[in-house]
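Chain and residue survey
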Amino acid sequence: MRLFNRMPAEVRAAVDPADRVLTYAEGPDGYVIAADRALYLAGTRMPWFHVDRGVWDEEGLTVVTTDGRSHRARLPEPGRVPEAVRERVTASIVVSQYVPLDARGGVRLVARRAEDDRLVWEFVFDSGLDPDDPGLRATAEQALEETRRSFGV
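A brief look at the structure comes next.

What counts as what
- Residues numbered from 1 in each chain as written.
- Predicted model: local features only at pLDDT ≥ 70, side-chain atom pairs only at ≥ 80, totals over all residues.
- Heavy atoms only, no water.
- Pairing = 2+ DSSP bridges.
- Helix = DSSP H or I, 4+ residues; strand = E, 2+ residues; numbered from the N terminus.
- Axes fitted to C-alpha atoms, helices over the stretch in contact; angles between N-to-C directions.
- Contact = heavy atoms within 4.5 Å.
- Core = buried A, V, L, I, M, F, W, Y, C linked by side-chain atoms within 4.5 Å.
- Buried < 20%, exposed > 50% of the residue type's maximum accessible area, 1.4 Å probe, protein only.

1. A short note on the sheet that holds strand β2 (residues 30-35)
The strand order across the open sheet formed by four strands is β1-β2-β3-β4, and the pairing between neighbours is antiparallel. In this open sheet, the two edge strands, each paired with only one partner strand, are β1 (21-27) and β4 (44-47). For this sheet, the mean inter-axis angle between neighbouring strands, taken without regard to orientation, is 15°. One ladder, built from six bridges, connects β1 with β2; its direction is antiparallel. Paired with Tyr-24 across the bridge in β2 is Ile-33. Helix α2 (residues 81-92) rests against β1, β2 and β3 (38-41) of the sheet, and its axis sits at about 135° to β1.

Below, the structure is given as structure tokens:
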């Protein structure tokens, strides 16, 4: 009987020395590693504040980043990785505030804590709204300033 579960050398080698491994799982395409400051997926390091969400199905994990890109990892036996992804993504969010902009919809203002402890704000416009519309953008910027004041951030 093994008293200690030793981390494979490949996992240790894949992780930045400043990151602490929380959990990992091996799939056919390699390891998925959840560390305290980032998710490692197919050899790519994704800081938690760049991860918008993780979606699980019976075959594995799909990660959507805040810039809208999607990454897929097959994980037939995910272990505790789903719990760690959920917890770390949730922990990175400091503020999430929905603000109606006009009759067509609104914007979600999201502040995430970056690795260097600064807040990174993003606008998530409702579908059907053009994020490049100067009028909507100006209204969203004004809403952001009001949200920052009300939350003190």
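2. Side note on the nonpolar core
Val-32, Leu-39, Leu-41, Trp-48, Val-51, Val-63 and Val-85 are the most contacted members of the largest nonpolar core, which has 16 residues in total. Elements with a contribution of two residues or more to this core: β2, β3, β6 (60-65) and α2. For this core, the leading source of residues is α2, giving four residues. Apart from the residues lying within four places of it in its own chain, the contact partners of Val-63 are Leu-39, Leu-41, Met-46, Val-51, Arg-53, Gly-54, Arg-69, Ser-70 and His-71. The next biggest cluster of nonpolar side chains, apart from the first, holds 13 residues, and it includes Ala-111, Phe-125, Leu-129 and Ala-143.

As far as function goes, none of this settles anything; it's purely spatial.
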